[in-house]
Amino acid sequence: MGKLEEMLIREGIIYRAPDGTTSYIEGSLLSNSLVVRNSAGWVTHRIERAANGVDLVVRNTSTGVVETRIVA
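(A) Region of the structure containing the overall build of the protein chain. Secondary structure assignment for the protein chain yields one helix and five strands. Taken from the N to the C terminus, the helices and strands of the protein chain come in the order α-β-β-β-β-β. Against the globule reference of 11 Å for 72 residues, the protein chain gives a C-alpha radius of gyration of 12 Å, in line with a compact fold. C-alpha atoms of the protein chain, sized along the principal axes, occupy 40 × 25 × 20 Å. The long-range fraction of contacts in the protein chain, counting pairs at least 24 apart against all pairs at least 6 apart in sequence, stands at 11%.

(B) Focus on the pairing of strand β4 (residues 56-60). When strand β3 (residues 43-49) meets β4, the two strands line up antiparallel, connected through five bridges. The partner of Arg 46 across the bridge, within β4, is Arg 59. The antiparallel hairpin formed by β3 and β4 contains six residues in its connecting segment, where Gly 53 sits at a positive phi of about 80°. Relative to strand β5 (residues 66-70), β4 runs antiparallel, the two being bridged by four bridges. Bridge pairing in β5 places Arg 59 opposite Val 66. Between β4 and β5, which pair antiparallel in sequence order, lie five residues; one of them, Gly 64, sits at a positive phi of approximately 80°.

Parameters at a glance
Residues numbered from 1 in each chain as written. Predicted model: local features only at pLDDT ≥ 70, side-chain atom pairs only at ≥ 80, totals over all residues. Heavy atoms only, no water. Helix = DSSP H or I, 4+ residues; strand = E, 2+ residues; numbered from the N terminus. Rg over C-alpha atoms; globule rule 2.2 N^0.38 Å. Contact = heavy atoms within 4.5 Å. Pairing = 2+ DSSP bridges.

No statement about biological role is implied by the geometric values presented.
Written out as structure tokens, the structure reads:
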């Protein structure tokens, strides 16, 4: 498990449910970013470059709100 995945699990963005379902990180060719998908395959969050060009932000796709920032 990578550092990014560990941090997103701590933040509650990636989850592992008791019934075995899980969300996961996947690369997105269309938007040139990483996405988080739920167990049904729907994109729930996008991991994008922050405005400063160095850090990363995790944006909720349904609300557009930045939920957490990953400092480089």
